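Survey of secondary and tertiary structure
Each chain is listed here by its residues.
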Amino acid sequence: MNGQEPLTALKGVGEKTARLFERLGVRTLEELWHYYPRAYDVFQEPRPICGLEPDTVAAVKARLKKTADVIRYGRMQVATLTLHEQEAGLSVVWYNMPYLRGILRAGEEFVFRGRVVKKRGRLTMEQPEIFRPQDYLEQIAVMRPVYGQTKGLGNKTIEKAVKQALSLRGMEKEYLPEPIRARLNLAEINFALEHIHFPRDEADLLFARRRLVFDEFFLFLLSIRFLKDQKEKTKSAYPIRLSPDITRLEQALPYELTGAQKRALSEVFADLSGGHVMNRLIQGDVGSGKTIVAVLALLQAASCGYQGALMVPTEVLARQHFEMIRRLTEEHGLGTRVILLTGSMTAKEKRLARAAIEAHEADLIVGTHALIQEAVRFDRLALVITDEQHRFGVGQRESLGKKGEAPHVLVMSATPIPRTLAIILYGDLDISVIDELPAGRRPVKNCVVGRGYRENAYRFIQKEVEAGRQAYVICPMVEAGEMLEAENVIDYAAALRKKFPPSIAVEFLHGRMKAKEKNAIMERFAAGEIQVLVSTTVIEVGINVPNATVMMIENAERYGLAQLHQLRGRVGRGADQSYCIMVNTGGEEAQKRLEILNRSNDGFFIASEDLRLRGPGDMFGVRQSGELEFGLADIFTDAAVLKTASEEVNALLAADPGLSREENAPLGRRLAQYLEKRYGRLAL
Ligand code: ADP
Ligand code: MG
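Here the residue numbering is sequential within each chain, running from 1 through the sequence in written order. Labels are handed out in written order, letters beginning with A for the chains and numbers beginning with 1 for the ligands. In view of the model being predicted, local features appear only for residues whose pLDDT reaches at least 70, and side-chain atom pairs are presented and counted only at 80 or more, with totals across whole chains, interfaces and linings using the full set of residues. The basis for every side-chain value is the complete set of heavy atoms in the structure, and neither hydrogens nor water enter the calculation.

Source of the domain bounds: an automatic or database domain assignment. Looking at the assigned domains, one finds that the protein chain contains domain 1 (1-43 + 141-169), domain 2 (55-130), domain 3 (244-434) and domain 4 (445-600 + 602-627). Computed from C-alpha atoms alone, the centre-to-centre distance between domain 2 and domain 3 is 60 Å.

Only strands joined by at least two bridges in the DSSP assignment are considered to pair. Secondary structure elements follow DSSP: runs of H or I of four or more residues count as helices, runs of E of two or more count as strands, with numbering from the N terminus. Taken in spatial order, the 7 strands of this open sheet run 11-12-10-13-14-9-15, and their pairing is parallel. Looking along the sheet, the strands with just one partner apiece sit at the ends: strand 11 (338-341) and strand 15 (430-434). Strand-to-strand twist in this sheet, taken as the mean axis angle between neighbours without regard to direction, amounts to 20°. Here strand 9 (residues 279-284) runs beside strand 14 (residues 408-413); their pairing, made up of 5 bridges, is parallel. Within strand 14, the residue paired with Asn279 across the bridge is Val409. Residues are treated as being in contact if the distance between any of their heavy atoms lies within 4.5 Å. Here an angle of 0 to 180 degrees is reported between the N-to-C directions of two axes, which are lines fitted to C-alpha atoms, with helices fitted over the stretch in contact. Set on the sheet, helix 10 (residues 290-303) makes contact with strand 9, strand 10 (307-311), strand 12 (364-367), strand 13 (381-386), strand 14 and strand 15; between it and strand 13 the angle comes to about 170°.

The criterion for a residue being near a molecule or strand is simple. One of its heavy atoms has to lie within 4 Å of it. Taken together, 16 residues lie around ligand 1, and Gln261, Gly287, Lys290, Thr291 and Arg441 are the ones closest in. Polar contact is the term for a pair of N or O atoms within 3.5 Å; when the atoms are in protein, one must be able to donate a hydrogen and the other to accept it, and sequence-neighboring residues count only if both atoms are side-chain atoms. Between ligand 1 and the protein, one listed contact pairs an oxygen atom with a backbone N or O atom of Gly289 at 3.0 Å. The contact in question runs from an oxygen atom of ligand 1 to an N or O atom on the side chain of Asn544, over 2.9 Å. Here, Shrake-Rupley sampling with a 1.4 Å probe gives the accessible areas, and only protein chains in the shown set may cover a residue. With the chains in place, 85% of the 570 Å² that ligand 1 exposes on its own is no longer accessible. Here a cavity is any set of points on a 1 Å grid over the protein atoms alone where a 1.4 Å probe fits but cannot get out, and a pocket is any open set with protein on both sides within 12 Å along at least 5 of 7 lines; a residue lines the site when it has an atom within 4 Å of a point. A pocket or cavity is taken to hold a molecule when more than half of that molecule's atoms are within 2 Å of the pocket's grid points. A molecule is said to occupy a pocket when more than half its atoms come within 2 Å of that pocket's grid points, and by this definition ligand 1 occupies the second largest pocket. Considered class by class, the residues forming the shell around ligand 1 number 4 nonpolar, 7 polar and 5 charged. Asp, Glu, Lys and Arg are counted as charged, while Ala, Val, Leu, Ile, Met, Phe, Trp, Tyr, Cys and Pro are counted as nonpolar; the rest, among them Gly, fall into the polar class.

When a carboxyl oxygen of Asp or Glu lies within 4 Å of a side-chain nitrogen of Lys or Arg, that pair is called a salt bridge. Summed over all chains, the structure comprises 33 salt bridges. In this structure, Arg132 engages Glu108 in a salt bridge whose closest nitrogen and oxygen atoms are separated by 2.9 Å. One end of the pair, Arg132, is in the loop between strand 7 (122-131) and helix 3 (133-139); the other, Glu108, is in the loop between strand 5 (88-95) and strand 6 (109-119), with 24 residues separating them in the sequence. Classification of residues uses two cut-offs on accessible area relative to the type maximum, computed with a 1.4 Å probe and protein chains only: under 20% is buried, over 50% is exposed, and between them is partly exposed. Given the relative accessible area of 31%, Glu108 is considered partly exposed. For Arg512, the salt bridge goes to Glu479, with nearest N and O atoms at 3.0 Å. Placement of the pair is Arg512 in the loop between strand 18 (506-509) and helix 17 (515-526) and Glu479 in the loop between strand 17 (470-474) and helix 16 (489-499), with a sequence separation of 33 residues. Via salt bridges that share partners, Glu174, Glu178, Arg181, Arg211 and Asp215 belong to a single interconnected network.

What follows concerns the sheet that holds strand 2 (residues 56-63). Strand order in the open sheet formed by 6 strands is 2-6-7-5-4-3, and the pairing between neighbours is mixed. Across the chains shown, the open sheet's two edge strands, defined by having one partner strand only, are strand 2 and strand 3 (69-73). The sheet shows a mean angle of 40° between the axes of neighbouring strands, taken without regard to direction. Both strand 2 and strand 6 contribute to a ladder of 8 bridges, which runs antiparallel. Paired with Val57 across the bridge in strand 6 is Arg115.

Below, the discussion takes up the packing of helix 9 (residues 259-273) against helix 10. Between two packed helices, the angle of one axis relative to the other and the distance separating the axes together describe the packing. Two elements in contact, helix 9 and helix 10, have axes whose closest approach is 10 Å; the angle formed by their N-to-C orientations is 30°. Accordingly, the angle class assigned to the pair helix 9 and helix 10 is roughly parallel. The two elements helix 9 and helix 10 cross, and the hand of that crossing is right-handed. On helix 10, the residues touching Gln261, Leu265, Val268, Phe269 and Leu272 of helix 9 are Ile292, Val293, Leu296, Ala297 and Gln300. When the residues that make up the contact of helix 9 with helix 10 are grouped by side-chain class, the tally is 8 nonpolar, 2 polar and no charged. Here the word oblique covers every angle except those under 35 degrees (roughly parallel), over 145 (roughly antiparallel) and from 65 to 115 (roughly perpendicular). By the definition used in this description, the sense in which the near helix is turned from the far one sets the handedness, with an anticlockwise turn below a right angle giving left-handed and a clockwise turn giving right-handed.

Moving on to a nonpolar patch on the surface. There is a patch of nonpolar side chains on the surface, built from Ile71, Tyr73 and Met76 and spanning about 290 Å² of accessible area. Looking at the element boundaries, Met76 is found in strand 4 (residues 76-85). The class for Met76 is partly exposed, based on a relative accessible area of 35%. Only residues above 30% relative accessible area that lack a salt bridge enter a patch, with like-charged residues linked at up to 9 Å and the nonpolar side chains Val, Leu, Ile, Met, Phe, Trp and Tyr linked at up to 5 Å.

In this section: the side chain of Thr342. Tracing the backbone shows Thr342 in the loop between strand 11 and helix 12 (347-358). On the accessibility criterion, Thr342 (1% relative accessible area) is buried. Setting aside residues no more than four positions away along its own chain, Thr342 makes contact with Glu315, Ala318, Lys350, Thr368 and Ala370.

On to helix 17, then. Here helix 17 spans 16 Å end to end across 12 residues, near enough to the 16 Å set by a 1.5 Å rise per residue. Where helix 17 is buried, its residues touch helix 11 (315-331), strand 17, strand 18, strand 19 (532-535) and strand 20 (548-553). Once helix 17 finishes, Gly528 follows within two positions and takes phi at roughly 80°, a positive value. One fewer than the residue count of a helix, multiplied by 1.5 Å, yields its expected span.

We now examine the environment of Ala439. Turning to its location among the elements, Ala439 is positioned in the loop between strand 15 and strand 16 (445-449). Note: C-alpha distance between Ala439 and Gly574 (135 residues apart in sequence) is 11 Å.

Now for helix 19 (residues 588-599). An ideal rise of 1.5 Å per residue puts 16 Å on 12 residues; helix 19 measures up with 16 Å between its terminal C-alpha atoms. Within the sequence span of helix 19, burial applies to Ala590, Arg593, Leu594, Ile596 and Leu597. Around the axis of helix 19, the buried residues are gathered within 130° of arc, so they sit on the same side. Pointing more than 90 degrees away from the buried face of helix 19 are the exposed residues Glu588, Lys592 and Arg599. Directions drawn from the helix axis to the C-beta atoms are what define this arc.

Turning to the nonpolar core, a few remarks are in order. Counting residues in each nonpolar core, the largest one holds 90 residues, and the members touching the most others are Phe21, Leu32, Phe214, Phe217, Phe218 and Leu341. Counting residues per element, this core draws most heavily on helix 7 (residues 202-232), which supplies 12 residues. Shared between two domains, this core takes at least three residues from each, and those domains are domain 1 (1-43 + 141-169) and domain 3 (244-434). Ignoring any residue separated from it by four or fewer positions in sequence, one finds Phe214 in contact with Leu176, Ile180, Leu184, Leu186, Val641, Thr644, Ala645 and Glu648. Buried residues of nine kinds, namely Ala, Val, Leu, Ile, Met, Phe, Trp, Tyr and Cys, make up a nonpolar core once their side-chain atoms join them within 4.5 Å. Core analysis: the next-biggest nonpolar cluster, separate from the first, contains 72 residues, Leu410, Leu509, Leu533 and Ala548 among them.

Classification of ring pairs rests on two measures: the distance between centres of Phe, Tyr or Trp rings, Trp counted by its six-membered ring, which must be within 6.5 Å, and the angle between planes, read as stacked under 30 degrees, edge-to-face over 60 and tilted in between. Summed over all chains, the structure comprises 12 aromatic pairs. Ring centres of Phe131 and Tyr136 lie 5.3 Å apart, and the angle between their planes is 65°; on these two criteria the pair is classed as edge-to-face. Take Phe131 and Tyr136: they sit in the same class, and that class is buried. Relative to Tyr306, the ring of Tyr238 lies with its centre 5.2 Å away and its plane at 75°, an arrangement referred to as edge-to-face. Of the two residues, Tyr238 is situated in the loop between helix 7 and helix 8 (244-252) and Tyr306 in the loop between helix 10 and strand 10; the sequence distance between them amounts to 68 residues. The rings of Phe43, Phe131 and Tyr136 are connected pair by pair, giving a single aromatic cluster. By definition, being over a ring means that NZ of Lys or CZ of Arg is both within 6 Å of the ring centre and within 35 degrees of the ring normal. Across from the ring centre of Trp33, 5.0 Å away, lies the NZ or CZ of Arg169, which sits over that ring. Over the face of the ring belonging to Tyr175 we find Arg211, whose NZ or CZ atom lies 5.5 Å from the ring centre.

The structure is reproduced here in structure tokens:
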């Protein structure tokens, strides 16, 4: 097996199951090998019934006095058992499994393991797993993988499939040079892959994980070096000289650029006119004003007769940037032709847009991923910019760059990565940092509150709205589902409509809505026709509505701090005082983490404090970055491994730049595979 086989090569996996796996992004055996667990579950000794607590997972052992009852409620069949132990009682229920009557028979002994909840005042265990005592005892203290699941595809099925896939896997040849492995005490690759899924114990797991994390960084950094070497040699075919029009526009803006913006802009202009292809990252906290820097650079390119493209991760943001640029060019009579290209446009609209791009009837093109699709042909594309770059894979960012003939490339990111790490991770790019917020911004006022504060929050929102401002409310879920504890957008919006007078327009927004609907809602919110927008984190990215002054975040404990910081960045964008209300429905640990946000509005500080609190090697905390799409590695918690990997890459390439020595040949082959997979044929 080379790993490229479809999942249907596994016994017991048919077309239907394979399609469910596809939803998890797993199509081939190789992808399944690398579908790592989200967490691990450890079987504990069975507990006495009188010691059970609600909202925990526990196991109980019992000899049945009576065979299970199966009762019919409408179309549902419920199998129940009642277990007693002195005074304490526990109901155990299973839904639609009537055959249990034949298994759970009087006189037999079992272990039941499941979630204990309180229902109508009674302790109840719902849908527990059933074991023979001997089988259970053998598994005590074993760590069982818990995978990300999807409806219809449970953990057991995934676990079985992984086990089988691993057993079909031939031994892979170790590609990491032996001296590196020995020096850093890294696990062998086959061992690591097996034990990340099925570790014997925690030490074993950490050992396996460290190797895989190292690999992710190591291969990534090698590939970055490879790209960098390619880029450094490229002369630019598109010299972009400073035009007086753009200087005049800069002077005429309603505000003065901050020192940091001016610095970034002059670095960008120096690159654009310097004769070599620009590869630059602009890093700046939310609200630091990255957009205008990008727009000035694009207008510059257009004024020299070239095309420029701006790619953003969401339709809503694309539209907003598009409108903004169009307004700017019209107000200043620049005559720059701007068009929009997004996935939700009709086939005909797209066709017209593509034709206009190809015929150079458009100078600047703003769009989503639609920009990197095959059929789009540019004409003298000199500058490509990716906004909110952390929402794109490196591959996507590179693909846009490949659209023209070595255009200048600018990427923008708000992820607060400490400079030392940024230099490593973006080794193929030059970096400009915008580390200053526009003057006159009032810092957002924060509070972390419990459920009981909600009514106050609603009154506060109403007051702000009556003063002419707007509010966001963020919920983790789209609709009511299995996770009843978490708020959902649809019910929440309905409840707020009842709560507020009819003069306050409440609407909702979520990622499952059609792009057209999302756009319409967002436009109405931006135009002030909607006062309260209840949304999932789809609005997290880049949106700019300066009149919004309240950000209320429900179930705040469910988000990573960096993400909360991004959400909060949606307010505090205008001159009015803004507020961020985080509703913590978690425990004290969560409170401590959220307090960090409460104390600071500085993204870099937040990221480092979060790290300090969780400690490096905290594997199951909320992943922070989403950046650069590593499977296991987290640039914050694994920062030490990242540094080591970077040093090793430097040492290796210093000694053997082309990886041409015999002992490095397996690594060379592995790198070629990696590049192919990550960048397609583009890079090679
Ligand atoms: P981000 O860096 O998060 O992308 P934006 O570019 O969206 O931030 O800018 C946020 C807001 O700040 C926008 O309303 C923008 O017009 C405004 N802005 C940008 N630069 C300045 C400045 N120098 N002075 C005042 N306001 C500014
Ligand atoms: Mg932005």
